[in-house]
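Given next are the chains, with one letter for each unit.
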Amino acid sequence: QVQLVESGGGLVQAGGSLRLSCAASGSIFSRNAMGWYRQAPGKQRELVATILSGGITNYADSVKGRFTISRDDAKNSIYLQMNGLKPEDTAVYYCAAGPTLEGLLNLRGYWGQGTQVTVSS
């Protein structure tokens, strides 16, 4: 079992920045792959970024160059630094974890409760 708790969401103007945090507890093996997903109203949940325990990262094309994912295993946490935010980034952001990247990309794993990010124009 893995428990994930997100924080750091909020309201920001376009062009601004936010940093999301996700505190994890539970099985270390089951959080070898971790990442951030988001879901806007009326849309499917979509990948934002993933990071493996070795530090390899993967980003959605829509956030490349603007968002940075990182992890601090000593603090059992991952982070998402979001710069140059756009109104289309508005969504509920979810932290996710799983034993494999393949599983995580297929939405199999553990999920946090989500944190709202709203970007005003």
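These numbers were taken from a predicted model, which means no experiment stands behind them.

1. With respect to the nonpolar core
Move 1: Judged by nonpolar contacts, the single largest core of 28 residues is most densely connected at Trp36, Leu80, Met82 and Tyr93.
Move 2: Looking at this core, the elements that each hand over two or more residues are β1 (2–7), β3 (18–26), β4 (33–39), β5 (46–52), β7 (67–72), β8 (77–82), β9 (91–98) and β11 (115–120).
Move 3: Beyond its immediate chain neighbours, meaning those up to four positions away, methionine 82 contacts Gly16, Ser17, Leu18, Leu20, Arg66, Phe67, Tyr93 and Val117.

2. A look at the side chain of glutamate 6
Move 1: Note that glutamate 6 resides in strand β1.
Move 2: For glutamate 6, which is buried and forms no salt bridge, the nearest opposite charge comes from arginine 45, at a distance of 7.6 Å.
Move 3: Separated by 2.9 Å, the side chain of glutamate 6 and the backbone nitrogen of glycine 114 make a polar contact.
Move 4: Not counting chain neighbours up to four residues away, the residues in contact with glutamate 6 comprise Ser21, Cys22, Trp36, Tyr93, Tyr94, Cys95, Gly112, Gln113, Gly114 and Thr115.

3. Details of the sheet that holds β3
Move 1: Ordered by their spatial adjacency, four strands build an open sheet running β1-β3-β8-β7, and the pairing between neighbours is antiparallel. Edge strands, defined here as strands with exactly one partner in the open sheet, are β1 and β7. Across this sheet, the average inter-strand angle for adjacent strands is 15°, counted without regard to direction.
Move 2: Where β3 lies against β8, six bridges are found, and the strand directions are antiparallel. Paired with leucine 20 across the strands is leucine 80, a residue of β8.

4. Comments concerning the side chain of threonine 115
Move 1: Looking at the secondary structure, you find threonine 115 in strand β11.
Move 2: Setting aside anything within four residues of it in sequence, one finds threonine 115 in contact with Glu6, Ser7, Gly8, Gly9, Leu20, Ala91, Val92 and Tyr93.

5. Thoughts on the pairing of β3
It is a general feature of regular strands that their side chains alternate between the two faces of the sheet.
Move 1: Of the pairings in the sheet, the one linking β1 to β3 comprises six bridges and is antiparallel in character. Within the sheet, the bridge partner assigned to glutamine 3 lies in β3 and is serine 25.

6. Brief notes about the state of the cysteines
Move 1: Under the counting rule described, the total for this entry stands at one disulfide.
Move 2: With a sulfur-sulfur separation of 2.1 Å, cysteine 22 is cross-linked through a disulfide to cysteine 95. Taking the torsion about the sulfur-sulfur bond, which here is approximately -80°, the covalent link between cysteine 22 and cysteine 95 counts as left-handed. Of this pair, cysteine 22 sits in strand β3 while cysteine 95 sits in strand β9, placing them 73 residues apart in sequence.
Move 3: Its relative accessible area of 1% is what places cysteine 22 among the buried residues.
Move 4: Judged by relative accessible area, cysteine 95 falls into the buried class, the value being 0%.

Calculation criteria
- Residues numbered from 1 in each chain as written.
- Predicted model: local features only at pLDDT ≥ 70, side-chain atom pairs only at ≥ 80, totals over all residues.
- Heavy atoms only, no water.
- Core = buried A, V, L, I, M, F, W, Y, C linked by side-chain atoms within 4.5 Å.
- Buried < 20%, exposed > 50% of the residue type's maximum accessible area, 1.4 Å probe, protein only.
- Helix = DSSP H or I, 4+ residues; strand = E, 2+ residues; numbered from the N terminus.
- Contact = heavy atoms within 4.5 Å.
- Lys, Arg positive; Asp, Glu negative; His and termini not counted.
- Salt bridge = Lys/Arg side-chain N within 4 Å of Asp/Glu carboxyl O.
- Polar contact = N/O pair within 3.5 Å; in protein donor to acceptor, adjacent residues only side chain to side chain.
- Pairing = 2+ DSSP bridges.
- Axes fitted to C-alpha atoms, helices over the stretch in contact; angles between N-to-C directions.
- Disulfide = S-S within 2.5 Å.

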